[in-house]
Amino acid sequence: MTRVACAQLAPRLGDLAENRARTLAAIHAARLRDAEVLVLPELASSGYVFADEAEARSVAVPARGPLLADWVRAAGELTVVAGFCELGDDGALYNSAAVLDGEGVRAVYRKTHLWDRERLVFTPGELPPPVVRTKAGSLGVLICYDLEFPELPRTLALRGAELIVAPVNWPLVPRPHGERPPEVVQAMAAARTNRVFVAICDRTGTERGQRWTAGTSIIDESGWVVAESTADTLVVADLDLSRARDKAISERNDVLADRRPELYD
């Protein structure tokens, strides 16, 4: 079994020191719970609702800078997936997620699909999302709006991801009483149609008037939510990631082998 945790918290807009403290505390808490994978929210280093590019630039950090080095030192055997506002070597700003452990930064993924005003601040990533082989298992990485494009979870499944991890900041939207947030429904569908586990870490609070869904969810390979929370908390689930290697859904059906991509264009 692999113990997966999501630290649902509220980054403070523009406060690098406070956000560093909150993320390091989350890493410490996950290690105390013997987690092997920890997911933090999108833009956990900085907050989200920037007034403009200049404000985002003032809190952007390089992937090889001291913040990620602090996360690496804190991680130990834990694999951490954390959203951060990245200052690229090219001077551009990226909405990024780092995959790291105590040995160093394993990968940095730059969000491919930018949501709404993100387009005024960030440059979209130009590389496909990674599948990172870790001590805990094979992790595919997406960020928030990426999950609305079914091609990406499918691509990660085809490349061997057992667990898709996604830092998110989901703006609260209306929904019928008793229904799950639509973004959670989409994540459940991605898990079920690809027979992969999915761990989504959302944020809480209100930022410049924007309320957040607080929709953190851990979903099994059949598409069922096995752990969730709407509060500032550490959500934990034990997952048998080996089950994601079996794509059979009946005696005669396999969700990947049955594909007919020649008919899909």
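Residues numbered from 1 in each chain as written. Predicted model: local features only at pLDDT ≥ 70, side-chain atom pairs only at ≥ 80, totals over all residues. Heavy atoms only, no water.

Asker: Tell me about the overall build of the chain, and name the residues and values.
Answerer: Regarding its fold elements, the chain presents five helices and 16 strands. For 265 residues, the compact-globule estimate of 2.2 N^0.38 gives 18 Å, and the chain sits close to it at 17 Å. Taken along its principal axes, the extent of the C-alpha atoms in the chain is 55 × 40 × 40 Å. Relative to its full complement of 265 residues, the chain shows a buried share of 54%. Within the chain, counting contacts between residues at least 6 apart in sequence, those at least 24 apart form 68% of the total. Of the roughly 11,900 Å² of accessible surface on the chain, a fraction of 50% belongs to carbon and sulfur atoms. Positive and negative side-chain charges in the chain, numbering 31 and 38 respectively, have mean positions lying 2 Å apart. (Helix = DSSP H or I, 4+ residues; strand = E, 2+ residues; numbered from the N terminus. Rg over C-alpha atoms; globule rule 2.2 N^0.38 Å. Buried < 20%, exposed > 50% of the residue type's maximum accessible area, 1.4 Å probe, protein only. Contact = heavy atoms within 4.5 Å. Areas by Shrake-Rupley, 256 points an atom, 1.4 Å probe, with all protein chains shown as cover. Lys, Arg positive; Asp, Glu negative; His and termini not counted. Charge placed at Lys NZ, Arg CZ, Asp CG, Glu CD.)

Asker: Describe helix H3 (residues 66-75), and please don't skip the residues or the numbers.
Answerer: Of the residues making up H3, those classed as buried are Leu67, Leu68, Asp70, Trp71, Val72 and Ala75. Downstream of H3 by one or two residues, Gly76 has phi in the positive range, about 60°.

Asker: I'd like a description of the pairing of strand S8 (residues 163-167), backed by residues and values.
Answerer: The buried fraction of S8 amounts to five of the five residues, a majority that puts the element mostly inside the structure. Of the two faces of S8, the one carrying Leu163, Val165 and Pro167 and the one carrying Ile164 and Ala166 are both buried. Examined bridge by bridge, strand S7 (residues 138-141) and S8 share three bridges and lie parallel to one another. Pairing of Val141 across the sheet is with Val165, part of S8. Of the crossover connections in this fold, the one passing from S7 over helix H4 (residues 151-158) to the parallel S8 is right-handed. Pairing analysis gives five bridges linking S8 to strand S9 (residues 197-201), with the strands arranged parallel. Pairing of Ala166 across the sheet is with Ile200, part of S9. In this fold, the crossover linking S8 to S9 by way of helix H5 (residues 182-194) has right-handed handedness. (Pairing = 2+ DSSP bridges. Right-handed = clockwise from strand over helix to strand, strands pointing away.)

Asker: Run through the pattern of salt bridges, naming residues and quoting values.
Answerer: Inspection of the entire model under this criterion finds 21 salt bridges. Across the pair Arg243 and Glu221 runs a salt bridge whose closest N-O atoms are separated by 2.9 Å. In this pair, Arg243 is assigned in the loop between strand S14 (233-239) and strand S15 (248-250) and Glu221 in the loop between strand S12 (217-219) and strand S13 (225-228), connecting sequence segments 22 residues apart. Put simply, Glu262 and Arg260 hold a salt bridge, and the shortest N to O gap is 3.6 Å. On the basis of relative accessibility, which here comes to 57%, the residue Glu262 falls in the exposed class. A cluster of three or more residues bridged by salt bridges with shared partners is formed by Arg20, Asp70 and Arg73. (Salt bridge = Lys/Arg side-chain N within 4 Å of Asp/Glu carboxyl O.)

Asker: I'd love a proper account of the side chain of Thr204, names of residues and values included.
Answerer: As for its position among the elements, Thr204 is in the loop between S9 and strand S10 (206-207). Take Thr204: its relative accessible area is 7%, and that puts it in the buried class. At 2.3 Å, the side chain of Thr204 and the side chain of Asp232 are in polar contact. Not counting residues within four places of it along the chain, the set of residues in contact with Thr204 comprises Gln8, Leu9, Ala10, Trp212, Ala214, Thr230, Ala231 and Asp232. (Polar contact = N/O pair within 3.5 Å; in protein donor to acceptor, adjacent residues only side chain to side chain.)

Asker: Residues and numbers for the sheet that holds S9, please.
Answerer: Strand order in the open sheet formed by six strands is S6-S7-S8-S9-S12-S13, with mixed pairing between adjacent strands. Bordering the open sheet on either side are strand S6 (131-133) and S13, each of which pairs with just one other strand. For this sheet, the mean angle separating the axes of adjacent strands, direction not counted, is 20°. Strand direction decides the pairing type here: S12 and S13, joined by three bridges, are antiparallel. Among the inter-strand pairings, Ile218 is bridged to a residue of S13, identified as Ala227. On top of the sheet, H5 reaches S9, S12 and S13; it is set at about 20° to S12, its chief contact. (Axes fitted to C-alpha atoms, helices over the stretch in contact; angles between N-to-C directions.)

Asker: Give me the lowdown on the nonpolar core, citing residues and values where you can.
Answerer: In terms of nonpolar packing, the biggest core is built from 47 residues, with Leu163 and Ile218 touching the most fellow members. By residue number, the principal contributor to this core is S9, which donates five residues. In this view, Ile218 contacts Val4, Cys6, Val198, Ala199, Trp224, Val225, Val226, Ala227, Val235, Val236, Ala237 and Leu239; residues no more than four positions away in its chain are not counted. Core analysis: the second largest hydrophobic core is formed by 25 residues, Ala35, Val72, Ala98 and Leu234 among them. (Core = buried A, V, L, I, M, F, W, Y, C linked by side-chain atoms within 4.5 Å.)

Asker: Describe H5, and please don't skip the residues or the numbers.
Answerer: Counted at 1.5 Å a residue, the expected span for H5 with its 13 residues is 18 Å, and the 18 Å between its end C-alpha atoms agrees. Residues Glu183, Val184, Ala187, Met188, Ala190, Ala191 and Asn194 constitute the buried set of H5. Down the axis of H5, the smallest arc covering the buried residues is 155°, so these residues share one side. The secondary structure elements touched by the buried residues of H5 are H4, S9, S12 and S13. (Expected span 1.5 Å × (residues − 1). Arc of directions from axis to C-beta.)

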